[in-house]
Every structure is written in C-alpha cells, then in structure tokens.
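Here is what each chain is made of, one letter per residue.
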Amino acid sequence: MNDFSSKLIKWYLANKRDLPWRNTTNPYHIWVSEIMLQQTQAATVIPYYLRFIETLPSIEDLAKVDLDLLYKLWEGLGYYSRARNLKNAAMTIMEKHQGVLPNTYDDLIKLKGIGRYTAGAILSLAFHLPYSATDGNVIRTLSRYYGIKEDTRLEKTKTIIDGLNQKNISIIDPHNYTQAMIEMGATLCTKSKPKCEICPINEHCYAYLNNKQSELPFTSKLKQKKEIQWITVILRNEAGDYLLQKQETNLLNGLYLYPQFEAESINYVEDIFNELGATLFINEDIGSYTHVFSHLKWDMRVYHATTSSNLDYTVVKPSNFDLYPMATAHKQIKKD
Ligand code: SF4
C-alpha cells in the first residue's frame, strides 16, 4: 500500500459517515446505491435506497417489477433512465447470469446503465477487487492533489486521472480505498471551501501548497442549454386531472405529464383543442415555471382550465394521484 492510500484509508476508517449501503455486503444493494448516488447527494438517496431495497429485495424482484411501481419508487430522484436501465440489467442478469450480479469488468460493462465508473465501484466495493472508480469527486481530489491543469471535461484528461487512481488503489484494501476517495470528495475536498487544514494528504497536495484550490479542477464552459417554451395546462373536470403518459422518448419516458404544447400563447393551444372538436375553458393564468434538465431548460407558462369534452388523456382522481408517477417538472406546478 503506498503512502497516499494508507493515509487516506486510515482517515476514512476514523471519520466515515454511517450510510446504509456501507452496512451491507450484498452486491445488488451496493449496485442500486451506486446508481442512485449518480447525480444525487447521499442524504437525499438514503430514504429512496431503503424503500427500494425493502420493496425489491432481490435482482429477481427488480427484473419482474412493473414500470409504474419502479417509477413510483424513483419519483423525485430524476434521471428516470437510471431506473429503466436497472430493470433492464436485472432482466439480463436473470437471463444470462442465473440471477447473480457478475464479478468481472467485462460482464458488468455489458449491462445497461453500467459504465466504467459503476463497474469499478461495484468491483471494488462489493467484490474487493482493485478496479478504479473515477467520478467527479475523484477527478476533483486528484486533479488538485497532482496539480493537473488540463480540461477535465476532455476524455483524455479523465483517462489520465483514472490511471492515477488505478495506480493508487490499494491491492490490499480496494473496498476502503474507493470508499475513502468518495468520502474525501464529499466531505473534505469539496467544490468550494475544501477543508485542507484537516486533510490527511495535504502534505504533498499541489493545490494546497500553491493555494490553487479554487482554480482546480479546470473545467471548460458548457454550451448553453437548449430552452423550450411550453404552454402547460392543468386541465381538470369533476372526474379528475387530465394526464398524458410520455411514450418512447429518452426524456421522461413512462412518466405522466399535464397537457403541454410548444408555444408562446394560450390562444394557440385553444386553437389546437378547437381543431380536436374540444373546448378549453381557461380559468386562471397561474404564472411561469422553469425546470432545468442536464441539457435542456423548460420555460412553462401554466394555466388552470376545464373542459367538458372527451379527450384522449388519462383522467386521474386526486385520491389516485399516488398511483401515477409524475414528471418532477409537473409535480412542482401541481403543488402550487
Ligand atoms: S489538501 Fe485540500 S485540495 Fe488537497 S486534496 Fe486535501 S482537501 Fe483537496
């Protein structure tokens, strides 16, 4: 074990947070936690993880789960493709691996939703094998520690950092090394105000010694997000709210939304309903809402409306709303 790894692991064992996925050796549970933790903070993930594992305690349960229940368990976490990929991967595991999560990189990487990072995390955390798991936290810590000034948005920079992480991962204790790197990025080597004074590896850290923490990692600016202007209609009558389930798109597939139209004026939407032989009665303009996805921004002008016409929507009684997984973008407008 090199000096870097041994200091890191010693610090981790003395300071680690008690998180539920750290108290299990079940590879399936560790896999689920890793997928949930992508893009989401640990504190937010805890109740979702506990509910998911309780409802779907085995890979077989996940492979068989109904999509509506799966989305319900995921509702609020966002990036629903993660949930779909989990189910698809579970089905493949049932079909090709006798229901057992594989323990080789080559088999893991073939499963839906498992990329280089997740394969490394599963192998090191669940199977104690020395495979690097390089995510944003590791990139931040190592680029500061080694003084890497190249653009971390570039694949070649990520590969260099992944190589350093692979070199450092202890062959004696890969599990605790990966946990320690995760813990470092989450609690000490944070984006702003890293706690360098108490960092176990500060003695040789380039950024700390040269006061460059705020400059590293260097990440070039992203292109502007695409913006879409919607007219969104909370359409209801005495039977309930009108919802539409998104089908066969990468974004929000399977989730329910209120009727919405890419337009700038409610008049345009009224015309569309007229063409369908329906009449829209606008009750109230309830204002503008924004929802930001990773690559996209929705600007929604939202109206309350009623209709007496029969339309091709799912009509949901307020008491049944919990049965319909709803896109977060529209959950916020429903609440207000
Ligand atoms: S000394 Fe500071 S910048 Fe360097 S690795 Fe530790 S927390 Fe990060």
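What counts, and at which threshold
Each chain has its residues counted from 1, running along the sequence as written. In keeping with the predicted nature of the model, local features appear solely for residues at pLDDT of at least 70, side-chain atom pairs appear and are counted solely at 80 or more, and the whole-chain, interface and lining totals rest on all residues. Hydrogen atoms and water are omitted, and side-chain values are computed over all heavy atoms in the structure. Whether a residue is buried, partly exposed or exposed follows from its accessible area with a 1.4 Å probe, protein chains only, as a fraction of its type maximum: under 20%, in between, or over 50%, in that order. Only DSSP runs of H or I with at least four residues qualify as helices, and only runs of E with at least two residues qualify as strands; both kinds are numbered from the N terminus onward. Here a residue-residue contact requires only that any non-hydrogen atoms of the pair lie within 4.5 Å. We call a residue near a molecule or strand when any one of its heavy atoms sits within 4 Å of it. Throughout, the protein atoms alone are placed on a 1 Å grid, and a set of points is a cavity if a 1.4 Å probe fits but cannot get out or a pocket if it is open with protein on both sides within 12 Å along at least five of seven lines; lining residues have an atom within 4 Å of a point. A molecule is said to be in a cavity or pocket once over half of its atoms fall within 2 Å of that pocket's grid points. Each residue gets one of three labels, nonpolar for Ala, Val, Leu, Ile, Met, Phe, Trp, Tyr, Cys and Pro, charged for Asp, Glu, Lys and Arg, and polar for the others, Gly among them. Grid points are joined across faces, edges and corners, and a volume is the space filled by probe spheres set on the points. UniProt positions are given in the numbering used here, feature names are shortened, and annotations may be inferred rather than shown by experiment. Where each domain begins and ends is defined by an automated method or by a domain database. Put simply, buried area is the surface a 1.4 Å probe can reach on two separate parts but cannot reach once they are joined, added for both. Any carboxyl oxygen of Asp or Glu that lies within 4 Å of a side-chain nitrogen of Lys or Arg is treated as forming a salt bridge with it. Whenever a nitrogen or oxygen atom comes within 3.5 Å of another N or O atom, the pair is scored as a polar contact, on the condition that within protein one atom can donate a hydrogen and the other can accept it, and that pairs from neighbouring residues in sequence are kept only if both atoms are in side chains. For our purposes a nonpolar core is just a set of buried Ala, Val, Leu, Ile, Met, Phe, Trp, Tyr and Cys residues, chained together by side-chain atoms within 4.5 Å.

1. Notes on helix 8 (residues 116–125)
Argument step 1. The buried count for helix 8 comes to 9 of 10 residues, which makes it a mostly enclosed element.
Argument step 2. Within the span of helix 8, buried status applies to Tyr 117, Thr 118, Ala 119, Gly 120, Ala 121, Ile 122, Leu 123, Ser 124 and Leu 125.
Argument step 3. The inward-facing, buried residues of helix 8 abut helix 2 (27–37), helix 7 (105–108) and helix 11 (174–188).

2. Quick word on the site of the ligand
Argument step 1. Lining the immediate environment of the ligand, one finds Arg 144, Met 184, Cys 189, Cys 196, Cys 199, Ile 201, Asn 202, Cys 205, Tyr 208 and Gln 213.
Argument step 2. When each cavity is represented as a set of grid points, the ligand is found to reside in the largest cavity.
Argument step 3. For the shell around the ligand, a count of residues per class yields 7 nonpolar, 2 polar and 1 charged.

3. Structural notes on empty space enclosed by the protein
Argument step 1. Applying the stated criterion across every chain yields a total of 2 cavities of 30 Å³ or more.
Argument step 2. Met 184, Cys 189, Cys 196, Cys 199 and Cys 205 are the residues nearest the centre of the largest cavity, which is lined by 15 residues in total.
Argument step 3. For the lining of the largest cavity, the elements supplying multiple residues, two or more each, are helix 9 (136–146) and helix 11.
Argument step 4. The greatest single-element share of the lining of the largest cavity, amounting to 3 residues, is contributed by helix 9.
Argument step 5. Residues of the lining of the largest cavity, tallied by class, amount to 10 nonpolar, 3 polar and 2 charged.

4. Quick notes on the UniProt feature "domain: HhH-GPD" (unreviewed entry) in the protein chain
Argument step 1. Here, the residues flagged by UniProt with the feature "domain: HhH-GPD" (unreviewed entry) are residues 36–187.
Argument step 2. In this annotation, residues 36–187 is assigned 65% helix and 0% strand; the end-to-end C-alpha distance for the span is 19 Å.

5. A few points about unusual backbone geometry
Argument step 1. Residue Leu 216 is joined to Pro 217 through a cis peptide bond whose omega torsion reads 0°.
Argument step 2. With respect to the element layout, Pro 217 can be found in the loop between helix 12 (206–210) and strand 1 (226–237).
Argument step 3. The phi torsion at Tyr 79 lies on the positive side, around 45°, for a residue other than glycine.
Argument step 4. Looking at the secondary structure, you find Tyr 79 in the loop between helix 5 (67–74) and helix 6 (81–96).
Argument step 5. On the basis of relative accessibility, which here comes to 38%, the residue Tyr 79 falls in the partly exposed class.
Argument step 6. Despite not being glycine, Asn 211 shows a phi value in the positive range, around 55°.
Argument step 7. Relative to the helices and strands, Asn 211 is located in the loop between helix 12 and strand 1.

6. Points about the domain arrangement of the protein chain
Argument step 1. For the protein chain, the assigned domains read domain 1 (3–210) and domain 2 (226–335).
Argument step 2. Computed over C-alpha atoms, the centres of domain 1 and domain 2 are 36 Å apart.
Argument step 3. Taken residue by residue, the interface counts 8 residues in domain 1 and 14 residues in domain 2.
Argument step 4. Both faces combined, the contact of domain 1 with domain 2 buries some 890 Å², and carbon together with sulfur accounts for 47% of it.
Argument step 5. Remark: the boundary between domain 1 and domain 2 carries 1 salt bridge.
Argument step 6. Across the pair Glu 75 and Lys 331 runs a salt bridge, and its minimum N-O distance is 3.2 Å.
Argument step 7. On inspection of domain 1 and its partner domain 2, the count reaches 3 residue pairs in polar contact (both at pLDDT 80 or more).
Argument step 8. For the side of domain 1 that touches domain 2, the element with the most residues is helix 5, which contributes 3 residues.
Argument step 9. Within the side of domain 1 that touches domain 2, the residues separate by chemical class into 3 nonpolar, 1 polar and 4 charged.

7. A closer look at the nonpolar core
Argument step 1. Tyr 28, Trp 31, Met 36, Phe 52, Leu 62, Trp 74 and Trp 298 are the most contacted members of the largest nonpolar core, which has 64 residues in total.
Argument step 2. Ignoring sequence-local partners within four residues, the contact set of Tyr 28 consists of Phe 52, Ile 53, Leu 56, Pro 57, Ser 58, Ile 59, Leu 62 and Leu 101.
Argument step 3. Judged by nonpolar contacts, the second largest core, of 24 residues, contains Ile 9, Trp 11, Leu 164 and Met 181.

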